Amino acid sequence: MEEYTLKPGQIGDPLNRVDGRLKVTGGARYAAEYNLPGITFGVLTTSTITKGRIRAIDTKAAEKAPGVLAVVTHKNSPKVPGYNAGTDNEGSRVYGQEFRVFYDDRIYYNNQPVALVIADTLERATYAASLVSVTYNEDKHQTNIKTQTEKAIKPERPEDYARGEANAYKKAPVRIEQDYHTPIHVHNPMEPHAATAVWETNDKVIVYNKAQGVKLAQKDIMKSFDLKAENVRIHSPFVGGAFGSSSRIWPQEMAAILGAKHVGRPVKVVLKRDQVFNMVGYRPRSIQKVGLGATADGKLIGVTHEAMGLTSTYEQFTERIVHPTKSLYSSPNLNAVYKLVPLDLSTPCWTRGPGESSGSFALESAMDELAYALNMDPLTLRLKNFADKDPENDKPWSSNFLKTCYEQGAERFGWSKRNPKPRSMRAGDMLVGMGMSAGIYKAERAPASARAKLLADGSLVVQSAAADVGPGTYTIMTQIAADTMGLPVGKVRFELGDSSFPQAPPQYGSHTTASVGSAVHDVCVALKQRLQELAINKQGSALYQASADDLVFADNAIRLKGRSNGVTYTEILKLNNLPELEVTKESKSGPEKETFSTKSFCATFIEVHVHPATGMVQVKRVVSAVDAGKIMNLKTARSQVLGSTIWGIGMALMEEGVIDHRFGRYMNKDLAEYHVPVCADTPDIDVILIDKPDPIVSPTGAKGIGEIGMVGFAAAVANAVYHATGKRIRELPITPDKLV
Amino acid sequence: MINFRYVRPTTRQACVTALVSDPTAQFIAGGTNLIDLMKRGVTAPEKVVDINALTLRSIDKQGSGIRIGALALNSAVADHPMIRQQQPLLTQALNAGASAQIRNMATMGGNMLQRTRCHYFYDTALPCNKREPGSGCGALEGFNRIHAIFGTSDRDPKTACIAVHPSDMCVALVALDATVLVTGPNGERRIPFVDFHRLPGNTPERDTNLERGELILAIDVPDNAFARHTHYLKVRDRNSYAFALVSVAAALDLSNSTIRDARLAMGGVAHKPWRLLDAEKALVGKPATEATFRQAADIAMQGAKAFEHNAFKIRMAPSSIVEALKTAARPA
Ligand SMILES: Cc1cc2nc3c(=O)[nH]c(=O)nc-3n(C[C@H](O)[C@H](O)[C@H](O)COP(=O)(O)OP(=O)(O)OC[C@H]3O[C@@H](n4cnc5c(N)ncnc54)[C@H](O)[C@@H]3O)c2cc1C
């Protein structure tokens, strides 16, 4: 790695989170913490059947309970004009009719909201919600994709793809064909979803929620209630984890807004943990088939990936499950097919590495199986099939350091010490296994705007309607602004999470740094330009009539190169009689981006120990090498990979939302039974950041790092488990029962 | 959760009276199980009788054993020098349970009376004969991965129950021949630990043989010669903070490498902590070898019966027994 020394706060510096102190002292306010004057508490009563109609709903007992203000149901709910607008799918991210809260008597999924009980305290609302009594006309439901595969449909927005000949793998000298299954994952952020709504006037609403995109939330609510942008305000400055689950408006927002309209007071709705399982999306279960065919020396000649996902009966949620397959390896022949099975469940939604995480489990497990069929090292096989350009579209990569990831990862891990024979390595009683995988994830950049305000005291405020759901956006944007402006980080305040700020894309798809970071960079460049003009055009300025080429920006000032004389930013404002200086700028990529394929890459190396008597698996070592372009902050970037790794361990070994299909209800709807890794499951994690700027994706050189670490991860663990035990587990999670 | 009255009597008698006088009343100790169940609507006491004002926290030498107060915290017991030296199996089992935070709240009595983690018991929208007698057993033909393989009630749908008792601590205590001291409306009595918990039979709503109003005062653990050779093995879906799929408490008294005496019990397999008396007998007098342990495991598994999702326990349990015995037999 290139040696360079960083100044504190400079781009790349592992600056501590600027909002860290607020978070650990309780100073950061989350969606459920806005105790506005006159606040009331709404608790949802939910359906206990999976499909059918409400026959009768008796709210009398609840209404009479102490402290209750109202009970909102489909019978008395304020109307939502947007719900009747029909299915307008133009531009909507999910095809179909969104779930309509308190709209009619229909039940589409179990634990669906049927009433909102509003009371003066949370406890009273909770109790009264248990008094709402509902009877149903129940219809037969289906929630099990495994028994419904013949109902699979081609989605309205297909992801299918082909190059060369279909199913060419079948004719290859060496081939494998296998089925792989991944379960439902529930995002389960620590902070349960919450929304507080206030109608300021009859047609002006403020919502405090947790949102990955305040502008998106604003748009959804504008559309639902037929309101103008200035009459819908979304506040979401802090988000306690989201992972995709706050990327659209859900029942808690709608219920709070409708409840607040009904009682004429602010209403707060916080989902209970079991409601988080049903109401805010989840990663859908997948059934996949992968066929790989290669020459005897390991060149892929045919790849087939058939994937099936589940969706609700009212919407078609599609994800990028076959995307890694299209681009990761060069194979002249490739066909990918993706189908959906509509079931009586709520609509799934994007979940960290949405599609890529599940799809890569199948692809990267299959690559390992092919390596064994070829009697070839799995890393060698991957290197042999490295794609020099993106085989999906023949475009050159904007940057691709996957080979460097392989090389540095293998070196750090000690891959060469691996004896490829399954069950050949031991540590005491434990079976030792080593596995690896590759990952690919889109590196996108969306148009974004930022506003920069230089204040009279020389401090800078930068605003953009971005989100920080945990990755450290506050910190990185502060760094980019400080670095670009030549200001110490202490002089910069970055603000986000307010729909009144300049437009920013939502925080998903790992493109905040490339998009908003570019806007912050560009607005600061524009601000510098303005300052420079003011400094050289103003009589009395030490830089009056200086040549722009001779100037440098550093330490709160513009100076002549190599000289100490110059003017500070404060002086420039003062000289020009300006109380402050504000610039807003939109930033987007140029047309040249379209001529490149832009992706992040990673290679993951895993060592597991498997206890032969009990089947318990311990991930002992992780080396994750990531090419995410230029690293903005070594610490927050590394933390993103740590987070992906830990979730990857959960995905590989324990996470699964289990439904009893007879009832359509989740079995493990709490954090005691829905297992995510704890400290005892979390090993030494070695993160290698290749840290090479991408010249195309963004002016800062950043690609994206939020999700790439999960792509392929579960397969690396499964491959290591195979190496340890000789057992190939093709259905996640790899729990002890599958290994004894 | 319903509104409830809260009382905190200061004498044992007053606690018992407070409970007996109200048919829905329940004791509360650490609250780590009761409060969860109240929030989920699984239980709805109109009166909660807090017993924490009682002096039942001590851990003392008592005759030829140790007496542990019912309110002693799980963490305090696990860390107590006397327990660690003389009853290490209990320390191991306690530390395998829950999390450090929960063990700092959880009491001995509460741990014994914690309810099953059966999914159907926890969800009031689903049938459960334990929660609502006569409503059916959701698990019998449902998702029964964590359920019992021994001593189940599975014939009559109105009384069927295949739930397991979730405690780790109790597996050690049943192996260690503990006795439970209780007081109640009819005075004090002692209950051998093996008889404390029940099989579901046709009253799955009853977890134990405690009578209504009875209050646990203490647990007596007799001295033994096992301290050098014990092991608590817990197989679970993650490496901490998960209930046992299967667990084994093993204690051996070895002379050279001959087994002089043995204790063996399993968790996660039955409606009660599952003592393996026949397997113990098969161990005594034999050499401490893998062959001996396998034989004991075979005996232990007699009568096991699996359901749709828990057949793996029939493989996992015997290999875990062998593993636990092997580990226990290693030189201390
Ligand atoms: C997330 C989670 C994970 C857990 N994991 C594990 C695990 O892995 N292994 C494990 O063994 N346990 C586990 N537990 C359970 C934990 O051990 C119990 O919750 C705890 O031991 C209960 O003790 P308590 O004092 O809090 O009981 P409480 O909740 O106060 O009471 C439980 C019951 O006991 C009754 N009771 C309490 N004391 C007395 C008394 N002296 N006399 C008569 N009745 C009494 C109460 O009336 C109540 O019915 C877990 C719990 C949680 C929440």
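Residues numbered from 1 in each chain as written. Chains lettered and ligands numbered in written order. Predicted model: local features only at pLDDT ≥ 70, side-chain atom pairs only at ≥ 80, totals over all residues. Heavy atoms only, no water.

## A closer look at the overall build of chain B
Check the secondary structure of chain B and you find 13 helices and 12 strands. Taken against the 2.2 N^0.38 rule, which gives 20 Å for 332 residues, the C-alpha radius of gyration of chain B at 19 Å falls within 12% of a compact globule. Expressed along its principal axes, the backbone C-alpha trace of chain B runs to roughly 60 × 50 × 35 Å. Looking at chain B as a whole, 59% of its 332 residues qualify as buried. Of all intrachain contacts in chain B linking residues separated by at least 6 positions in sequence, the fraction that spans at least 24 positions is 64%. Once the 39 positive and 30 negative side-chain charges of chain B are each reduced to a mean point, those two points are 3 Å apart. (Helix = DSSP H or I, 4+ residues; strand = E, 2+ residues; numbered from the N terminus. Rg over C-alpha atoms; globule rule 2.2 N^0.38 Å. Buried < 20%, exposed > 50% of the residue type's maximum accessible area, 1.4 Å probe, protein only. Contact = heavy atoms within 4.5 Å. Lys, Arg positive; Asp, Glu negative; His and termini not counted. Charge placed at Lys NZ, Arg CZ, Asp CG, Glu CD.)

## What about the packing of helix α11 (residues 473-485) of chain A against helix α12 (residues 512-537) of chain A?
Helix-helix packing: each pair is described by the crossing angle between the helix axes and the interaxial distance. All names here are of chain A. At a closest axis distance of 9 Å, the pairing of α11 and α12 adopts a crossing angle of 30°. It follows from the interaxial angle that α11 and α12 lie roughly parallel. Seen along the crossing, α11 lies across α12 with a hand that is right-handed. Between α11, through T473, I476, M477, I480, A481, T484 and M485, and α12, the contact on the second element is made entirely by T512, T513, V516, G517, V520, H521, C524, V525, L527, K528 and L531. Among the residues making up the contact of α11 with α12, the classes are represented as 11 nonpolar, 6 polar and 1 charged. (Axes fitted to C-alpha atoms, helices over the stretch in contact; angles between N-to-C directions. Parallel < 35°, antiparallel > 145°, perpendicular 65-115°, else oblique. Left-handed = near helix turned anticlockwise from the far one by under 90°. Nonpolar A, V, L, I, M, F, W, Y, C, P; charged D, E, K, R; others polar.)

## Notes on the interface of chain B and chain A
Across the contact, 34 residues belong to chain B and 33 residues belong to chain A. A combined buried area of about 2,800 Å² lies between chain B and chain A, and 56% of that area is made up of carbon and sulfur atoms. Counting the surface chain B buries against chain A, the share from its top three residues, D237(B), R238(B) and N239(B), is 23%. There are 5 salt bridges connecting chain B and chain A. Put simply, the parts of the chain that give the side of chain B that touches chain A at least two residues each are α8 (119-122), β9 (230-235) and α13 (312-329) of chain B. At 6 residues, α13(B) tops the list of elements feeding residues into the side of chain B that touches chain A. Grouping the constituent residues of the side of chain B that touches chain A by class yields 15 nonpolar, 7 polar and 12 charged. (Buried area = accessible area lost by both parts, 1.4 Å probe. Salt bridge = Lys/Arg side-chain N within 4 Å of Asp/Glu carboxyl O.)

## Structural notes on the domain arrangement of chain A
Residue and element names in this part refer to chain A. Here chain A is described as being made up of domain 1 (2-28 + 446-588), domain 2 (34-140 + 194-241 + 246-279) and domain 3 (286-444 + 594-738). Taken together, the contact between domain 2 and domain 3 spans 23 residues of the former and 20 residues of the latter. A per-residue breakdown of the area domain 2 buries against domain 3 is headed by V94, Y108 and F277, which together make up 29% of the total. Here domain 2 and domain 3 share 8 residue pairs in polar contact (both at pLDDT 80 or more) between them. Elements supplying a minimum of two residues to the side of domain 2 that touches domain 3: β4 (95-96) and α6 (273-279). If one sorts the elements of the side of domain 2 that touches domain 3 by residue count, α6 sits on top with 4 residues. (Domains from an automatic or database assignment. Polar contact = N/O pair within 3.5 Å; in protein donor to acceptor, adjacent residues only side chain to side chain.)

## Quick notes on unusual backbone geometry
Residues and elements named next belong to chain A. L732 connects to P733 through a cis peptide bond whose omega is -5°. Structurally, P733 can be placed in the segment after α15 (713-725). Phi at D226 is positive, roughly 55°, even though this residue is not glycine. Mapped onto the elements, D226 comes out in the loop between α4 (214-225) and β12 (232-235).

## What about the pattern of salt bridges?
Residue and element names in this part refer to chain A. The tally for this structure, following the rule as stated, stands at 56 salt bridges over all chains. Residues D344 and K51 are paired through a salt bridge, measuring 4.0 Å at the closest nitrogen-oxygen approach. Taken together, the residues D344 in the loop between β17 (334-342) and α8 (356-374) and K51 in the loop between β1 (40-46) and β2 (52-58) connect sequence positions 293 residues apart. According to the relative accessible area criterion, D344 is buried, its value standing at 6%. Between R530 and E533 there is a salt bridge whose closest N-O contact spans 3.4 Å. Of this pair, R530 and E533 both sit in helix α12, 3 residues apart, which is roughly one turn of that helix.

## Notes on the UniProt feature "domain: FAD-binding PCMH-type" (unreviewed entry) in chain B
Sites flagged by UniProt as "domain: FAD-binding PCMH-type" (unreviewed entry) map to residues 1-226 of chain B. Within the segment residues 1-226 of chain B, helix and strand shares are 26% and 16% respectively, and the terminal C-alpha atoms sit 46 Å apart. (UniProt positions renumbered as here; feature names shortened; annotations may be inferred.)

## Thoughts on the layout of surface pockets
Of the volumes computed, that of the second largest pocket is approximately 1,000 Å³. Lining the second largest pocket are 49 residues, with E656(A), V658(A), F143(B), R145(B) and H309(B) sitting closest to its centre. Partitioned by chemical class, the residues of the lining of the second largest pocket number 19 nonpolar, 15 polar and 15 charged. (1 Å grid on protein atoms, 1.4 Å probe; cavity = no way out; pocket = protein on both sides within 12 Å on 5 of 7 lines; lining within 4 Å. Points joined across faces, edges and corners; volume = space filled by probe spheres on them.)

## Observations concerning the nonpolar core
Residue and element names in this part refer to chain A. Of all hydrophobic cores here, the largest spans 92 residues; its most connected members are L292 and V608. Filtering out sequence-adjacent residues up to four positions away, V608 remains in contact with L431, V432, G433, V617, Q618, V619, K620, V717, A720, V721 and A724. Core analysis: the second largest hydrophobic core is formed by 58 residues, I145, V214, Y314 and F501 among them. (Core = buried A, V, L, I, M, F, W, Y, C linked by side-chain atoms within 4.5 Å.)

## Description of the sheet that holds β9(B)
Residue and element names in this part refer to chain B. Reading across from one edge, β9-β10-β11-β12 is the order of the 4 strands in this open sheet, with antiparallel pairing throughout. Edge positions in the sheet fall to β9 and β12 (274-275), since each has one partner strand and no second. Where β9 and strand β10 (residues 246-255) come together, 6 bridges link them in antiparallel fashion. Looking at the pairing, T230 lines up with A251 of β10. (Pairing = 2+ DSSP bridges.)

## As for the packing of aromatic side chains
In this description, a pair of aromatic rings is defined by centroid distance and the angle of the planes. Residue and element names in this part refer to chain A. Counted by the stated rule, this structure contains 24 aromatic pairs over all chains. With 5.3 Å between their ring centres and 70° between their planes, Y108 and Y314 make a pair best called edge-to-face. Placement of Y108 in the loop between β5 (106-107) and β6 (113-119) and of Y314 in the loop between β15 (300-311) and β16 (315-316) is noted, with a sequence separation of 206 residues between them. Ring geometry for W415 and F605: centres 5.6 Å apart, planes at 70°, overall edge-to-face. Here the residue W415 occupies a position in the loop between α10 (402-413) and β18 (425-427), and F605 occupies one in strand β27 (residues 599-610), the gap between them amounting to 190 residues. Through pairs of rings, three or more aromatic residues link up here, namely F99, Y108, Y109 and Y314. Here the guanidinium or amino end of K261 rests over the ring plane of W199, the centre of that ring lying 3.8 Å away. (Phe/Tyr/Trp six-rings, centres within 6.5 Å; stacked < 30°, edge-to-face > 60°. Lys NZ or Arg CZ within 6 Å of the ring centre and 35° of its normal.)

## Remarks on the sheet that holds strand β4 (residues 59-62) of chain B
Residue and element names in this part refer to chain B. Spatially, the 5 strands line up as an open sheet ordered β4-β5-β8-β6-β7, and their pairing is antiparallel. A single partner strand is all that each edge strand has here, and the edge strands are β4 and β7 (189-192). Here the strands of the sheet are splayed against their neighbours by 25° on average, with no regard to which way each runs. Where strand β5 (residues 65-69) meets strand β8 (residues 215-222), 5 bridges bridge the pair, whose relative direction is antiparallel. Pairing of I66 across the sheet is with V221, part of β8.

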